[in-house]
Amino acid sequence: MENKKEYRNWLDAHKLDHPLVIAGPCSAETEDQVLKIAHQLKDDDVTYLRAGIWKPRTRPGNFEGVGAIGLKWLQRAKKETGLLTATEVANRTHVDLALEHDIDLLWIGARSTVSPFIVQEIADALEGTDKVVLVKNPVNPDLALWIGAVERFHTANIKNLGVIHRGFSTYDKSKYRNNPEWQIAVDFQTRLPDIPLICDPSHITGKRDMIFDVSQTALDLNYDGLMIETHYDPDNAWSDAAQQVTPETLLQMFKDLRIRKEYDDEAGFQNKLGQLRSQIDILDNTIIETLGKRMKIADSIGGLKKERNVAVLQSKRWNEILGKMILQGEEYGLSEEFILKVFKAVHQESINHQEKVIKG
Ligand SMILES: C=C(O[C@@H]1C=C(C(=O)O)C=C[C@H]1O)C(=O)O
């Protein structure tokens, strides 16, 4: 799938002077709840009212959504407030019902994106639709799977496409509910820059007090919009209580968030930016040169080890290097996380080089 400028058309047609906002409750609970939230949101920057109708829950026994009746509540909310409507679909029946009720935007959840069978079923059911279809990232950090899902919708002749970054599952505990792994979304943007990219800070953080910070990062990274779960009484919401914010908080957030422009032509800025970027270019060259030299030395060590029949991996030496580098990194303001990532990658490459020599 090639990038095309037209992928942005549906978003541009909204003629917004701010990022797109999709807001509303995690789940539609009652008609009154949906209508009340819609009226509270209608005068903000919100374009789409979201509400989950069918809820995929991690374990059975939790509230699993009100079902098709909720689509009527969304329709009524649209009629009363003018907000466009959005919900998640996970199979052909959901799609048929959502289209029957004229829902404007359908999103594919992270747990559906992982399954090409489900994605294909939904794509077939949606074939040729002019509704907006947004594909959440798969729960596992797999860029190809994410792009593959978008391709299935593209192949089904769906023109109004976008993606939602909702973070990725990890086995390790982290401060996030779903680790953002910003690099994957950046890689997506690099590959398909004109597919609108929306951030879902509610599912990334799982906690309402972190939503602002993640939203700001998304805007700093040039995201096209935000999808934020909103409820007038978050603590008593029937699902995802900890991550929903009130419409008042949402309004305040949009006052406080800084929207960055993609570009600035101002001569002074361009000049300084150019100077600093040439410094970076020189340093990047030095990094590559240094890494190349380091690997040449690793090759020689590999040769020595081959002669003496010594193992490639030397854990003691490796741990010493890692400890030293973490301390040294600290002096230069580099985080331990970063040093570990970089040096583990360097070590792996060094091992690969030596393996080649030793096996050769
Ligand atoms: C280069 C060596 O081999 C391996 C690679 C290392 C490195 O690249 O720094 C360190 C220890 C070994 O696991 C070595 O033994 O010194």
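Just so we're clear, the structure is a prediction, and the values are computed from it rather than from any experiment. (Residues numbered from 1 in each chain as written. Predicted model: local features only at pLDDT ≥ 70, side-chain atom pairs only at ≥ 80, totals over all residues.)

(A) Focus on the site of the ligand. Taken together, the neighbourhood of the ligand is formed by Ala298, Ile301, Val312, Leu313, Gln314, Arg317, Trp318, Ile321, His347, Ser350, Ile351 and Gln354. Put simply, the parts of the chain that give the shell around the ligand at least two residues each are helix H12 (267-308), helix H13 (315-331) and helix H14 (336-359). Take the shell around the ligand: its biggest share by element is four residues, from H14. Partitioned by chemical class, the residues of the shell around the ligand number seven nonpolar, four polar and one charged. (Near = placed C-beta within 6 Å. Helix = DSSP H or I, 4+ residues; strand = E, 2+ residues; numbered from the N terminus. Nonpolar A, V, L, I, M, F, W, Y, C, P; charged D, E, K, R; others polar.)

(B) Structural view of the environment of proline 193. Relative to the elements of secondary structure, proline 193 occurs in the loop between helix H8 (182-191) and strand S7 (197-199). For proline 193, a count of 13 C-beta atoms within 10 Å puts it in the partly exposed group. Residues proline 193 and lysine 4, spaced 189 residues apart in sequence, show a C-alpha to C-alpha distance of 8.4 Å. (Buried ≥ 20, exposed ≤ 12 C-beta atoms within 10 Å, placed from the backbone.)

(C) Up close: the nonpolar core. Among the nonpolar cores identified, the biggest contains 64 residues, and Leu49, Leu134 and Ile198 are the most heavily contacted of them. Beyond its immediate sequence surroundings of up to four residues, leucine 134 is in contact with Leu105, Trp107, Gly162, Val163, Ile164 and Ile198. (Core = buried A, V, L, I, M, F, W, Y, C linked by C-beta atoms within 7 Å. Contact = placed C-beta atoms within 7 Å.)

(D) Spotlight on the UniProt feature "domain: Chorismate mutase" (unreviewed entry) in the protein chain. According to UniProt, the feature "domain: Chorismate mutase" (unreviewed entry) maps to residues 267-358 in the numbering used here. Helix makes up 89% of residues 267-358 and strand 0%. Its end C-alpha atoms lie 55 Å apart. (UniProt positions renumbered as here; feature names shortened; annotations may be inferred.)

(E) Main features of the environment of phenylalanine 254. Along the chain, phenylalanine 254 turns up in helix H11 (residues 247-256). With 19 C-beta atoms counted inside 10 Å, the residue phenylalanine 254 sits in the partly exposed group. Along the backbone, phenylalanine 254 and methionine 210 are 44 residues apart, and their C-alpha atoms lie at a distance of 15 Å. Setting aside its immediate chain neighbours within four residues, phenylalanine 254 contacts Asp44 and Asp45.

(F) View of the pairing of strand S1 (residues 20-24). Most of S1 is tucked away, with five of its five residues classed as buried. Burial along S1 is two-sided: Leu20, Ile22 and Gly24 and Val21 and Ala23, pointing in opposite directions, are all buried. Pairing of S1 with strand S8 (residues 225-229) involves five bridges; the strand directions are parallel. By the bridge assignment for S8, leucine 20 is matched with glycine 225. Bridge count for S1 against strand S2 (residues 48-50) is two bridges, and the pairing is parallel. Looking at S2, one finds that alanine 23 is bridged to leucine 49. (Pairing = 2+ DSSP bridges.)

(G) Quick peek at the sheet that holds strand S3 (residues 84-88). Judged by pairing direction, the barrel is parallel, and its eight strands sit side by side in the order S1-S2-S3-S4-S5-S6-S7-S8 before closing back on the first. Taking the axes of each pair of neighbouring strands and ignoring which way they run, one obtains an average angle of 25° across the sheet. In this structure, strand S5 (residues 132-136) lies alongside strand S6 (residues 161-165), joined through four bridges in parallel fashion. Looking across to S6, one finds that lysine 136 is bridged to isoleucine 164. (Axes fitted to C-alpha atoms, helices over the stretch in contact; angles between N-to-C directions.)

(H) Structural view of unusual backbone geometry. A positive phi is found at lysine 15, a non-glycine position, where the angle reads about 50°. Here lysine 15 is to be found in the loop between helix H1 (9-12) and S1. The class for lysine 15 is exposed, based on 6 C-beta atoms found within 10 Å.

(I) Quick peek at helix H6 (residues 116-126). Among the residues of H6, Val119, Ile122, Ala123 and Leu126 are the ones counted as buried. Viewed end-on, H6 has its buried residues packed into an arc of 100°, placing them on one side of the element. Summarising the geometry of H6, the exposed residues directed more than 90 degrees from the buried face are Phe117 and Asp124. Where the residues of H6 are buried, they touch helix H4 (92-100), strand S4 (105-108), helix H5 (110-113), S5 and helix H7 (143-155). In the segment just after H6, glycine 128 is the residue with positive phi, at about 75°. (Arc of directions from axis to C-beta.)

(J) Seen up close, the confidence of the model for the protein chain. With 100% of its residues at a pLDDT of 70 or more, the protein chain has an overall mean of 96. This complex was scored by the predictor with a pTM of 0.87 and an ipTM of 0.97. (pLDDT = per-residue confidence, 0-100.)

(K) Up close: the environment of glutamine 75. Inspection of the secondary structure assignment puts glutamine 75 in helix H3 (residues 69-81). C-beta crowding within 10 Å serves as the criterion here: with 14 such atoms nearby, glutamine 75 is assigned to the partly exposed category. Each C-alpha atom of the pair glutamine 75 and leucine 35 lies 9.9 Å from the other, and the pair is 40 residues apart in sequence. Beyond its immediate sequence surroundings of up to four residues, glutamine 75 is in contact with His101 and Asp102.

(L) Region of interest: helix H2 (residues 31-41). Of all the residues in H2, the buried ones are Gln33, Val34, Ile37, Ala38, Gln40 and Leu41. For H2, the angular spread of the buried residues around the axis is 165°, confining them to a single face. Those residues of H2 that are buried lie in contact with S1, S2, H3 and H11.

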